[in-house]
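# Understanding the architecture of this molecule
Now for the letters of each chain:
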Amino acid sequence: MYLDQSNTAVQIAEYLADVRERMDRAARRAGREPREVTLVAVSKTHPIEAIQAAVAAGQFDFGENRLEELWPKVEQARALGLDQIRWHMIGTIQSRKTRDAVGPFVLIHSVDRMKVASRLSRDAQEAGRVLDVLCEVNVSAEASKHGFTPDELLAAAPALLELPGIRVHGLMTMAPLVEDPEATRPTFRSLRQLRERLAERFPQADWSQLSMGMTNDFEVAIEEGATIVRIGSAIFGARTE
Ligand SMILES: *Cc1c(COP(=O)(O)O)cnc(C)c1O
């Protein structure tokens, strides 16, 4: 199953090195320090062996988009002694599943509406936790996309920042799927500008993180200020689902 679906361990190490090198070059082009950008390796649909290979190659941040897949992987990783892993939840959370998102995750990138934010906060509080989160923004207000529109987020921010069970650290977006990565630049730039407006209006909160950029567009995202990129297929291989 492993060899059919995912890259081999040797390929994963090679592709990781290649991605890191491309990230470093993009950061330098923009006059930034490469260490300002964190790589989250998106392991969704790929088995624990692929994650294990990436850990062996020095990769410790992993992202998954479905809680039903994330939890078993957390358990598998634990059983294998892969204790250095930092898990990121990057996918949509259904409002009735927020309880399952209170877990050993370093960052939830995908708080996409007020209902999810308030339920997460409630569930986190019940568990005696405060969750570190990003707000997902639908920059171009595409109907098919999740996330706050920029205006919705500006309006919701006062209430959002009052929620005791979550702590906001910045923004996340997904650019439209386009062939030419250059076409994603306005989306990434808009997210950065929104971050600047939020930081000005709500200086009491931390807006430092910009989670943006995937396999097809991460170099443009880094040039536009990404602090976290989420990369799957360039590391683990194409997904069948
Ligand atoms: C799948 C996924 C990614 C990674 O996509 P690739 O194109 O494989 O790099 C990044 N972010 C989110 C939210 C995803 O669901």
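Scroll up for the structure.
Before going into details, it helps to say that this report is about the structure given with it. (Residues numbered from 1 in each chain as written. Predicted model: local features only at pLDDT ≥ 70, side-chain atom pairs only at ≥ 80, totals over all residues. Heavy atoms only, no water.)

## Some details on the packing of helix H2 (residues 9–29) against helix H3 (residues 48–56)
Where H2 meets H3, the axes come as close as 9 Å, and the angle between the chain directions of the two elements is 50°. With respect to each other, H2 and H3 are oriented oblique. When the axes of H2 and H3 are compared, the crossing they make is right-handed. For the pair H2 and H3, contact is made by Ala-9, Ile-12 and Leu-16 and by Ala-50, Ala-53 and Ala-54, respectively. Of the residues that constitute the contact of H2 with H3, the class distribution is six nonpolar, no polar and no charged. (Axes fitted to C-alpha atoms, helices over the stretch in contact; angles between N-to-C directions. Helix = DSSP H or I, 4+ residues; strand = E, 2+ residues; numbered from the N terminus. Parallel < 35°, antiparallel > 145°, perpendicular 65-115°, else oblique. Left-handed = near helix turned anticlockwise from the far one by under 90°. Contact = heavy atoms within 4.5 Å. Nonpolar A, V, L, I, M, F, W, Y, C, P; charged D, E, K, R; others polar.)

## Some words on the packing of helix H6 (residues 150–162) against helix H7 (residues 185–201)
Following both chains from N to C, one finds H6 and H7 inclined at 15°, their axes separated by 11 Å at the closest point. As judged from the angle between their axes, H6 and H7 are roughly parallel. Where H6 crosses over H7, the handedness of that crossing is right-handed. Contact residues: H6 offers Pro-150, Leu-153, Leu-154 and Ala-157, while H7 offers Leu-194, Arg-197, Leu-198 and Arg-201. Here the residues of the contact of H6 with H7 are counted per class, giving six nonpolar, no polar and two charged.

## Things to note about the pattern of salt bridges
Applying the stated criterion across every chain, the model contains 22 salt bridges. Salt-bridge contacts for Glu-219 lead to Arg-22; the nearest nitrogen and oxygen are separated by 2.9 Å. One end of the pair, Glu-219, is in helix H8 (residues 218–223); the other, Arg-22, is in helix H2, with 197 residues separating them in the sequence. Assessed through its relative accessible area of 23%, Glu-219 is described here as partly exposed. Accessibility expressed as a relative area gives 22% for Arg-22, which makes it partly exposed. Among the ionic pairs, Arg-167 bridges to Asp-132, the shortest N-O distance being 2.8 Å. Pair noted here: Arg-167 is in strand E6 (residues 166–172) and Asp-132 is in strand E5 (residues 131–136), with a separation of 35 residues, a long-range link. Judged by relative accessible area, Asp-132 falls into the partly exposed class, the value being 24%. (Salt bridge = Lys/Arg side-chain N within 4 Å of Asp/Glu carboxyl O. Buried < 20%, exposed > 50% of the residue type's maximum accessible area, 1.4 Å probe, protein only.)

So far we have only geometry, and geometry alone does not tell us how the molecule works.
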